[in-house]
Amino acid sequence: MTENGAAPKSPGEGGRFLRWTFRNLAGPADGVQGAIQGGTAEAREAWKRDLAERKRHTQEQRERKRAAREAGRNRGGSAQP
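Rules and cut-offs
- Residues numbered from 1 in each chain as written.
- Predicted model: local features only at pLDDT ≥ 70, side-chain atom pairs only at ≥ 80, totals over all residues.
- Heavy atoms only, no water.
- Helix = DSSP H or I, 4+ residues; strand = E, 2+ residues; numbered from the N terminus.
- Buried < 20%, exposed > 50% of the residue type's maximum accessible area, 1.4 Å probe, protein only.
- Polar contact = N/O pair within 3.5 Å; in protein donor to acceptor, adjacent residues only side chain to side chain.
- Patch = residues over 30% accessible without salt bridge, like charges linked within 9 Å, V, L, I, M, F, W, Y side chains within 5 Å.
- Areas by Shrake-Rupley, 256 points an atom, 1.4 Å probe, with all protein chains shown as cover.
- Salt bridge = Lys/Arg side-chain N within 4 Å of Asp/Glu carboxyl O.

**Re the environment of Thr 58**
Structurally, the position occupied by Thr 58 is in helix α2 (residues 41-78). Accessibility expressed as a relative area gives 36% for Thr 58, which makes it partly exposed. A distance of 2.9 Å separates the side chain of Thr 58 from the backbone oxygen of Arg 54, its partner in a polar contact.

**Brief notes about a nonpolar patch on the surface**
Residues Phe 17, Trp 20 and Leu 25 make up a contiguous nonpolar surface patch of about 410 Å² in total accessible area. Along the chain, Leu 25 turns up in helix α1 (residues 16-26).

**Examining the pattern of salt bridges**
This model, assessed by the stated rule, comprises five salt bridges. Notably, a salt bridge pairs Glu 45 with Lys 48, separated by 3.7 Å at the nearest N-O pair. With Glu 45 and Lys 48 both in helix α2 and three residues apart, the pair spans about one turn of that helix. Assessed through its relative accessible area of 40%, Glu 45 is described here as partly exposed. Looking at Lys 48, the relative accessible area reads 48%, which means it is partly exposed.

Here is the structure:
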């Protein structure tokens, strides 16, 4: 609490006007079906497939980099006396 008794605000919270604007103009998406729950089952499945594909691609990139480092070490290591 501050000296005037009000609770301190976080830097991104905004002021009185911003709160009024959000509450009265922007508000939560009540009229959109499934907006809070995450959309349709098909959209969730597509998101899961996309995430799995991104993870697979990232893992392949890591393996390629690791293989390139190992190949570089083996080439450089054999030249040393």
